[in-house]
Amino acid sequence: MAEPVSIDASRATPGLWDRVSTWVSENKAVAYTIAGTVVVITSAGAIYYFSGSKTPPAPSEKRKSKKERRKEKKAAEDAKAGISLKDEEAAPATPAAPKTATVEPEVELPEINETTVETFSQEERESLAQKLKTLGNKAYGSKDYNKAIDLYGKAILLKPDPVFYSNRAACHNALSDWDKVVEDTSAAIAMNPEYIKALNRRAHAYEHLGLFSEALLDYTASCIIDGFKTDSSAQSVERLLKKVAEKKGKAILAEKKNRLPSATFVTNYLQSFRSRPPPEGLEPGVELDENTSKGQLQLGLIAVTKKTGEAYAEASAAFKKAVELGDLGEYEAFALNQRATFLYLEGDTPAALEDLNKAIELQPSLTQAYIKRASMQLETGNKELASEDFDKATAQNKDDPDIYYHRAQLHFILGEYADAAKDYQKSIDLDRDFIYSHIQLGVTQYKLGSIASSMATFRRTIKNFDKVPDVYNYYGELLIDQQKYEDAIERFETAIEMERQTKPTGAINVLPLINKALALFQWKQDFAAAEDLCEKALILDPECDIAVATMAQLLLQQGKVTRALEYFERAAELSRTEGEIVNALSYAEATRTQLEVSQKYPQLAARLQSMEGAVPLR
């Protein structure tokens, strides 16, 4: 894969937002740096889970019984949830004594209630409170949670203390009384805002109550307080980020209207198929009534050639109307294929698949319909069905180079680079004039570690396609990966100038502008120039979500969290599918949580900024 240029997070705090921003940036850029691989955006989603390797027991260790292992597992789960009593909360550890028939005498305590508490001196209150806490800990250890709650409650009457509240919260936690857990931990945190155990307990309760944003905030504060040293808390943040993003993503998707993505996105998808002349009878010079289905089909084909956002919207409407009007005759399968393409780009994959099925039924030799259906099958996780569609397309026309190009994309996405290289080469052998087969072969060679072969492929491609801006842009990305910033920027500038000279304003590919922006940031940390280039990209293509997300990252790296959040939320609005929305919202929620922590816990914001490489929050 042509690794997209991502912001260097090594200068920033090694916190969650850096890992989120870098990962999402890389995966969202794939759809643009690889022509036609829209699927990569929606199939990615492994950011939230990081698993450490487990150390196997030493050979000399005696294997523990099933009961012992179960007990240890339960203790680990309790510790992760923050419901155990230990450290300053627990009674002093004592060696286990053999059981005897004697009964431990009850500690005699005076009557303690809201009335009698006033009769004790301060010294008596503190002494009694500690005795009650000790008894509460013992009751908790015996799983007599209601008795422990009563004892901690009396201790609180004598001496309100965050530890007592947190201990009582642990009892409510054991009884799954989540509202009371929140109540008691909130009291503890009000008395000690940096009480990690109380924060974790409240977060645990919030999560059970479905209040994921609140849980995320508490776990994040906990991470900052201990300097991101506790893996379980960091993993909880990542888990909650996913839950919050998915919950909000489903709500957004339920209300979202299908619409086309940016012109850059649509162009890069469409140009992943070789350009072919319109079917005979639909050429631009043929006079057709615009009120007929054939006339609408012709209008749609003409609009596609303009490559602007407005023109793509016109094409989508025309293809839909053509199918609705009917009476297409020999063009029906072609029209269904065209409508399916734009339905897919708008995010309505089920309707697109339905159209492709009909098109294939009407015209089994329409290989492009199999190819598009295969990419949609892969996007929905049906690898086997995708592979079957490529086989069916090959059976219809084994000499169609598009089949091998897109099958190579499937191999590429699945990390099967050797197979991808073979199919890219096969596509080239059948048609040497399709630039993207050459570009992707060079990229795949790079992924295989054959740097010299990759560079040679790109130099040869530049020689043969010296007037095509895309080759300079993709070559520049590989140079960036090798930290050859000056050479990379030179290639991006060549691509930018060619785009300006050869295309109308609304059809300019803005990716060279974005890549140059990121190169300047990585090379010289020139935020001003990078932001200016992203702003120019958004003027040319306001719907380009990669430009929006890149701007958000630049702002976040500068500590401009409020503005960064606005851009991340905008990226979510521009997303096509649920997977894309969740990825964009992961950006937004990580940023929002950072902002909320800085506002709710100013002392933590200052601590975060004091960490090595951190930038001030604004």
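Here the structure is a predicted model, which is why all the values come from computation and not from measurement. (Residues numbered from 1 in each chain as written. Predicted model: local features only at pLDDT ≥ 70, side-chain atom pairs only at ≥ 80, totals over all residues. Heavy atoms only, no water.)

## A word on the packing of aromatic side chains
This is how the line gets drawn: A pair of Phe, Tyr and Trp rings is counted when the ring centres sit within 6.5 Å of each other, with Trp represented by its six-membered ring. The angle between the planes then sorts it: under 30 degrees is stacked, over 60 is edge-to-face, the rest tilted. A run of H or I in DSSP counts as a helix once it spans at least four residues, and a run of E counts as a strand once it spans at least two, with each numbered from the N terminus. The rule is simple: take the accessible area with a 1.4 Å probe, protein chains only, and divide by the maximum for that residue type; under 20% is buried, over 50% is exposed, in between is partly exposed. Cation placement over rings: the criterion is NZ of Lys or CZ of Arg within 6 Å of the ring centroid and within 35° of the ring normal.
Here the structure, examined in full by the defined rule, presents 12 aromatic pairs. Seen from their ring centres, F319 and F342 are 5.6 Å apart, and the 45° between their planes marks the pair as tilted. Of this pair, F319 sits in helix α13 (residues 309–325) while F342 sits in helix α14 (residues 332–345), and the two are 23 residues apart along the sequence. The residues F319 and F342 share a single accessibility class, namely buried. Put simply, the rings of Y405, Y424, F434 and Y436 pair up and form one aromatic cluster. Between K372 and the ring centre of F273, over which it is positioned, the NZ or CZ distance is 5.2 Å. Taking the ring centre of W523 as reference, the NZ or CZ of K524 above it sits at 4.5 Å.

## What to know about the packing of α14 against helix α16 (residues 367–379)
For any two helices packed against each other, the geometry comes down to the angle between their axes and how far apart the axes lie. Note the following rule: The angle between two axes is taken between their N-to-C directions and runs from 0 to 180 degrees, where each axis is a line fitted to C-alpha atoms and a helix contributes only its stretch in contact. Angle categories are assigned with fixed cut-offs, so that under 35 degrees is roughly parallel, over 145 is roughly antiparallel, 65 to 115 is roughly perpendicular, and the rest are oblique. In this scheme, a crossing is called left-handed if the near helix is turned counterclockwise away from the far one by less than a right angle; it is called right-handed if the turn is clockwise. In this analysis, two residues are considered to be in contact whenever any of their non-hydrogen atoms come within 4.5 Å of each other. Throughout, the ten residues Ala, Val, Leu, Ile, Met, Phe, Trp, Tyr, Cys and Pro are labelled nonpolar, Asp, Glu, Lys and Arg are labelled charged, and all others, Gly among them, are labelled polar.
The interhelical angle for the contact between α14 and α16, taken along N-to-C directions, is 25°, at an axis separation of 10 Å. By the angle between their axes, α14 is roughly parallel relative to α16. Every pair of crossing elements has a handedness; the one defined by α14 and α16 is left-handed. Here N337, A340, T341 and Y344 of α14 come into contact with α16, specifically with Q368, A369, K372, M376 and E379. Among the residues making up the contact of α14 with α16, the classes are represented as four nonpolar, three polar and two charged.

## Things to note about unusual backbone geometry
We note that K307 has phi near 60°; this positive angle belongs to a residue other than glycine. Locating K307 in the fold gives a position in the loop between α12 (293–304) and α13. K307 gets classed as partly exposed once you look at its relative accessible area, which sits at 34%. A positive phi angle, near 60°, is found at Q483, a position not held by glycine. Mapped onto the fold, Q483 is located in the loop between α22 (469–481) and α23 (485–502).

## Considerations on the state of the cysteines
Rules: Cysteine sulfur atoms that pair up within 2.5 Å are treated as a disulfide.
Tallying each qualifying case throughout the model produces zero disulfides. The cysteine C534 is free of any disulfide, with C544 supplying the nearest cysteine sulfur at 9.3 Å.

Interpretation note: all reported values are geometric properties and have no functional meaning in isolation.
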